[in-house]
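Now for the letters of each chain:
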Amino acid sequence: MADFPDQLLLPILTQLNVTPPPQWRQFLITWYDDLVDANRRTNLTRIVDRDDFLIKHIVDSWLVLAVYPDLLTQPLTVADVGCGAGFPGLPLALLSPQAHIVEIEANGKKHDYVAGLIQRLGLQQRATAVRGRARELSHLPAHQARYDLVLARAVADTATLIRETRQLLAPGGTLLACKTPASVVEEEQPARREADKTGLILHLSPIFELPLQAGKRQFILLRQPNG
């Protein structure tokens, strides 16, 4: 761990005013090694360089906390739809001791990987893996109107996300779509039209820069009114 690249991670933790848990470095090293090994057998991600993993998966996921800091302190129920190899949900679970994050993935191999990863990383009290599609789960009593926060990263355009995930939201809940600024420009107006139909309140986040000029991120937030 002597060469662990703190310079990539500590600035975002400082910016977010987060003190990471003990052994967080070992947690990320274990996860990275696990992902690289599993990726040889199952196509989980194209990002297998260590620094790219830390920037484009871990830091990228942690940026959610810049626009939704309640995750750090509140006992929220969160759905991470189309979670793939566990992003952004599991990096957030590392820093969010009171939240419970449900990792939703339709692909069987990816679901099985995430379910096993939750066990290997010791996150059983903070995360659960569920196989299925959000649009189908949203009609089941166990998931309908259950979630304070619904996360979606690289899943679908925002208007489609509204249609497929809105019924997952609890009263006052928020759908948070992780995007690039270019995607926001393209998707904002269709998303506003869909939000107006369903009574959701749309808000755009500031633009955030990833380390080492790895890209820019912006979030579209859609809040369900209370009651």
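Residues numbered from 1 in each chain as written. Predicted model: local features only at pLDDT ≥ 70, side-chain atom pairs only at ≥ 80, totals over all residues. Heavy atoms only, no water.

Caption draft 1: Broad picture of the overall build of the protein. Scanning the protein for helices and strands turns up 9 helices and 8 strands. Relative to the 2.2 N^0.38 estimate, which gives 17 Å for 227 residues, the radius of gyration of the protein is 17 Å and therefore close to what a compact globule would have. Seen through its C-alpha atoms, the protein measures out along the principal axes to roughly 55 × 35 × 30 Å. Relative to its 227 residues, the protein shows a buried fraction of 53%. Residue pairs at least 24 apart in sequence account for 67% of intrachain contacts in the protein once pairs closer than 6 positions are excluded. Surface exposure of the protein reaches about 10600 Å², of which carbon and sulfur atoms provide 48%. (Helix = DSSP H or I, 4+ residues; strand = E, 2+ residues; numbered from the N terminus. Rg over C-alpha atoms; globule rule 2.2 N^0.38 Å. Buried < 20%, exposed > 50% of the residue type's maximum accessible area, 1.4 Å probe, protein only. Contact = heavy atoms within 4.5 Å. Areas by Shrake-Rupley, 256 points an atom, 1.4 Å probe, with all protein chains shown as cover.)

Caption draft 2: Focus on the packing of helix H8 (residues 158–165) against helix H9 (residues 181–198). The interhelical angle for the contact between H8 and H9, taken along N-to-C directions, is 25 degrees, at an axis separation of 7 Å. As far as their axial angle goes, H9 and H8 are roughly parallel. Residues Thr-158, Ala-159, Ile-162 and Arg-163 of H8 touch H9, and the partners they reach there are Glu-187, Pro-190, Ala-191, Glu-194, Ala-195 and Thr-198. Along the lines of polarity and charge, the residues of the contact of H8 with H9 split into 5 nonpolar, 2 polar and 3 charged. (Axes fitted to C-alpha atoms, helices over the stretch in contact; angles between N-to-C directions. Parallel < 35°, antiparallel > 145°, perpendicular 65-115°, else oblique. Nonpolar A, V, L, I, M, F, W, Y, C, P; charged D, E, K, R; others polar.)

Caption draft 3: Examining the nonpolar core more closely. One finds Leu-28, Trp-31, Trp-62, Leu-71 and Leu-176 to be the most contacted residues of the largest nonpolar core, which totals 56 residues. Considering each element in turn, this core owes the most residues, 8 residues, to helix H2 (residues 24–39). Ignoring anything within four residues of it in the chain, the contact list for Leu-176 reads Val-64, Val-67, Tyr-68, Leu-149, Val-150, Leu-151, Ala-152, Phe-219, Ile-220 and Leu-221. Val-81, Val-102, Ala-191 and Leu-202 belong to the second largest nonpolar core, which has 23 residues in total. (Core = buried A, V, L, I, M, F, W, Y, C linked by side-chain atoms within 4.5 Å.)

Caption draft 4: View of the environment of Thr-128. Locating Thr-128 in the fold gives a position in strand E3 (residues 127–131). Using a relative accessible area of 33% as the deciding quantity, one classes Thr-128 as partly exposed. What Thr-128 contacts, discounting residues up to four positions off in sequence, is His-100, Ile-101, Val-102, Glu-103 and Ile-118.

Caption draft 5: Structural detail: the state of the cysteines. Under the defined criterion, the tally for this structure stands at 0 disulfides. The structure places no disulfide on Cys-178, whose sulfur is separated from the nearest cysteine sulfur, that of Cys-83, by 13 Å. (Disulfide = S-S within 2.5 Å.)

Caption draft 6: Seen up close, H8. Here H8 lies mainly inside the structure; 6 of its 8 residues are buried. Within H8, the full set of buried residues consists of Thr-158, Ala-159, Thr-160, Leu-161, Ile-162 and Thr-165. Taken together, the buried residues of H8 touch strand E1 (77–81), helix H7 (134–137), strand E4 (147–153), strand E5 (169–179), H9 and strand E8 (216–223). N-cap assignment for H8: the residue whose side-chain oxygen lies 3.3 Å from the backbone N of Ala-159 is Asp-157. (Polar contact = N/O pair within 3.5 Å; in protein donor to acceptor, adjacent residues only side chain to side chain.)

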